[in-house]
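Below, each chain spelled out in residue letters.
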Amino acid sequence: MTDSIASVEVVIAVDGAELAGTLATPPGPPAPGVLLLGGTFSDLRDGDADPRHRPDIPPHGMYRVLADALAAAGFAVLRFDRRGCGASSGDRPDRAQEISDALEAWGWLDRHEAVSGAWAMVGESAGAYVACRLMAAAATPRAVVLQGALHRSIAGLIDFNAQRARRYWERGGAARDWMWDHARSEYESAVIGAELLSAMLDGRSEVAVVDARGTFTRTLDGLDYDLRFPPAEQFRFVTCPTLVLHGGDDLNVPTEDAFATARELWAAGNRDVEITILARADHSMQATPRDEDERLRERMSFASFRRPFHARYPGVVVDFLSRQADRTSRAGDTPVPS
């Protein structure tokens, strides 16, 4: 069926910019629409970082793979370049603007003639947070996938990642040399992490730490929105059937957060929650090596992005959304994907 999928380039007008994207549709009548929302490093529609902003991060094409699989299963799938990235115009957005743009994309999908209505969202990492905020803004998907979602606080996330880097840094000179040559941002996190957390508590917006290799600075600009609306408090807006999906070897967002998210959804009254942990999968659902040190180095250097996807991805997402579409169709609400 993949040969008959129509993938068309689209332009979505938003406030002060245009979002360039791709709409993949199956043959036949209008299909249920799925919106893909990328995370921190997913500037581009395929789930990749924009090389103009992060040339150190290789492409992996996760959302292209997912979009093709969902379209083959009968869904209409929209993915887009973030504002100021790829073929989209404007400047890179802050979180509030990112959410506003995603809400416009949701409305665009809902109105498209090849779509029987905007029906589901898949949010990856920070995209899961954006999906929650769209529902807080009155978007009403009939199913949601929260992939690699953060539950702990932003301070907790910074602490988790900084401590992981620091433990490797503390192995000594050879480890520090490797980090400096292959994972510069991780080296800086190891050096500056504790001071960055202190700055958050003190209300400072920027920190500087002197190390043998130089002076490193970090800013907290851009975190205001996430601090004002903590991740854990956003799951109460998710009232539809939900898949909480996480990699068992996720070194970006701890796997424990998946269980905390499921508990949060349940506590808020959502009784239609599934949780799937893919063993030997990382934050971007790519297969991980069994050796712990190799896994850690690949995460820090982004070499993990060159690995194949886990054998169950994207099938686990397709299966969940197909079952939800079938269920709502039997209730007379949404057509079954063809």
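Just above, that's the structure.
As the structure is a prediction and not an experimental result, all values here were calculated from the model.

Caption draft 1: Highlighting the sheet that holds strand 1 (residues 6-14). As summarised here, the arrangement of the eight strands in space is 1-2-4-3-5-6-9-10, forming an open sheet in which the pairing is mixed. The sheet terminates laterally at strand 1 and strand 10 (273-278), the two strands that pair on one side only. Ignoring strand direction, the axes of neighbouring strands in this sheet form an average angle of 25°. For strand 5 (residues 115-124) and strand 6 (residues 143-147), the ladder comprises five bridges, and the chain directions are parallel.

Caption draft 2: Fine view of the side chain of serine 189. Tracing the backbone shows serine 189 in helix 6 (residues 184-202). Apart from the residues lying within four places of it in its own chain, the contact partners of serine 189 are Ala162, Ala165 and Arg218.

Caption draft 3: Region of interest: the state of the cysteines. Applying the stated rule across the entire model yields zero disulfides. Among the cysteines around cysteine 132, which has no disulfide bond, cysteine 240 carries the closest sulfur, lying 9.5 Å off. Using a relative accessible area of 1% as the deciding quantity, one classes cysteine 132 as buried. Classification of cysteine 240 by relative accessible area gives buried; the value is 8%.

Caption draft 4: Structural detail: helix 5 (residues 173-182). Within the span of helix 5, buried status applies to Ala175, Met179 and Trp180. Buried residues in helix 5, looked at end-on, bunch into an arc of 135°, giving them a common side. In helix 5, the exposed residues that point more than 90 degrees away from the buried face are Ala174 and Asp181. Contacts made by the buried residues of helix 5 are with helix 4 (154-169), helix 6, strand 8 (214-219) and helix 9 (292-301).

Reading the values: the criteria
- Residues numbered from 1 in each chain as written.
- Predicted model: local features only at pLDDT ≥ 70, side-chain atom pairs only at ≥ 80, totals over all residues.
- Heavy atoms only, no water.
- Pairing = 2+ DSSP bridges.
- Helix = DSSP H or I, 4+ residues; strand = E, 2+ residues; numbered from the N terminus.
- Axes fitted to C-alpha atoms, helices over the stretch in contact; angles between N-to-C directions.
- Contact = heavy atoms within 4.5 Å.
- Disulfide = S-S within 2.5 Å.
- Buried < 20%, exposed > 50% of the residue type's maximum accessible area, 1.4 Å probe, protein only.
- Arc of directions from axis to C-beta.

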